[in-house]
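# Structural overview
What follows is the residue order along each chain.
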Amino acid sequence: MPSPLLINAAELLRRPGTERRVELESTVAELGIDDARFDTEAAVDISLRLESLTDGIVVDGQLTVPWSDSCRRCLAPASGDVVCEVHELYQQVITDPDAFEIVGDQIDVRRMVSENILLEAPIAPLCRPDCAGLCPTCGTDLNVASCGCVTTDIDPRWQALSELKVNLPEQ
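How each quantity is defined
- Residues numbered from 1 in each chain as written.
- Predicted model: local features only at pLDDT ≥ 70, side-chain atom pairs only at ≥ 80, totals over all residues.
- Heavy atoms only, no water.
- Pairing = 2+ DSSP bridges.
- Helix = DSSP H or I, 4+ residues; strand = E, 2+ residues; numbered from the N terminus.
- Contact = heavy atoms within 4.5 Å.
- Axes fitted to C-alpha atoms, helices over the stretch in contact; angles between N-to-C directions.
- Polar contact = N/O pair within 3.5 Å; in protein donor to acceptor, adjacent residues only side chain to side chain.
- Salt bridge = Lys/Arg side-chain N within 4 Å of Asp/Glu carboxyl O.
- Patch = residues over 30% accessible without salt bridge, like charges linked within 9 Å, V, L, I, M, F, W, Y side chains within 5 Å.
- Areas by Shrake-Rupley, 256 points an atom, 1.4 Å probe, with all protein chains shown as cover.
- Lys, Arg positive; Asp, Glu negative; His and termini not counted.
- Charge placed at Lys NZ, Arg CZ, Asp CG, Glu CD.
- Buried < 20%, exposed > 50% of the residue type's maximum accessible area, 1.4 Å probe, protein only.

Moving on: the sheet that holds strand 5 (residues 77-91). Spatially, five strands are ordered 2-3-4-5-6 in an open sheet, and the strand pairing comes out mixed. Bordering the open sheet on either side are strand 2 (19-27) and strand 6 (100-101), each of which pairs with just one other strand. Pairing between strand 4 (residues 57-70) and strand 5: 14 bridges, direction antiparallel. By the bridge assignment for strand 5, valine 65 is matched with valine 82. Along the sheet, helix 3 (residues 110-120) makes contact with strand 3 (43-52), strand 4, strand 5 and strand 6, crossing strand 5 at roughly 135°.

Mapped onto the elements of the fold, threonine 18 is located in the loop between helix 1 (10-14) and strand 2. Measuring from C-alpha to C-alpha, the distance between threonine 18 and leucine 53 comes to 8.2 Å, with 35 residues separating the pair along the chain. Here threonine 18 is in contact with Glu11, Leu12, Leu50, Glu51 and Ser52, once residues within four sequence places are set aside. Side-chain polar atoms of threonine 18 contact the backbone oxygen of arginine 15, separated by 2.8 Å.

The next thing to look at is the pattern of salt bridges. By the definition in use, this model includes nine salt bridges. Put simply, glutamate 19 and arginine 49 hold a salt bridge, and the shortest N to O gap is 3.2 Å. Here glutamate 19 is found in strand 2, whereas its partner arginine 49 is found in strand 3, with 30 residues between them in sequence. By sharing partners, the salt bridges in this structure join Glu19, Arg21, Arg49, Glu51 and Asp60 into a single network.

Further remarks concern a negative patch on the surface. Taken together, Glu23, Glu25, Asp45 and Asp81 make up a surface patch of like negative charges. Structurally, the position occupied by glutamate 23 is in strand 2.

A few words on unusual backbone geometry. Despite not being glycine, leucine 75 has its phi angle at roughly 70°, a positive value. With respect to the secondary-structure elements, leucine 75 resides in the loop between strand 4 and strand 5. Accessibility expressed as a relative area gives 58% for leucine 75, which makes it exposed. Even without glycine at this site, aspartate 105 takes up a positive phi of about 65°. With respect to the secondary-structure elements, aspartate 105 resides in the loop between strand 6 and strand 7 (106-108).

Let us now look at the environment of valine 86. You can see valine 86 is positioned in strand 5. The buried category is assigned to valine 86, whose relative accessible area is 5%. Aside from chain neighbours lying at most four places away, what touches valine 86 is Leu48, Val59, Asp60, Gly61, Gln62, Leu63, Met112 and Asn116.

Encoded structure:
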């Protein structure tokens, strides 16, 4: 059975200027992505437009996959969708070092999809944009409650900047 991530490009290669739309679905496991941010059974939606050129095929489209991780500020669960736009070139004879290879009139989008998803996945996610984080003294989640800790201690490495600020004129 042929892979659902292989696209027959024979017709496109014969007629430059032609276009084809493709809707595919895969899973994180089928793509070979081994990353804790993604559930291996999560569905990856792949929506592509292929346009043939004289020397290859341009693949444009959008990829969508859910992710989950811990918030970098408060350690609460954080999740969302990686939605990435793709614009890639496939060529039978590689002349562009960034192009993917067309093998036997077939375009294998597996590597392109997995690379783009991993590049767009959040490295340091937030549970929400205004996350207040944890109190550095007592560890209270400042999104849920406030604490009575005094946090006016200045890191000695920044002390020189604080002294400069005192000497600046008011605006």
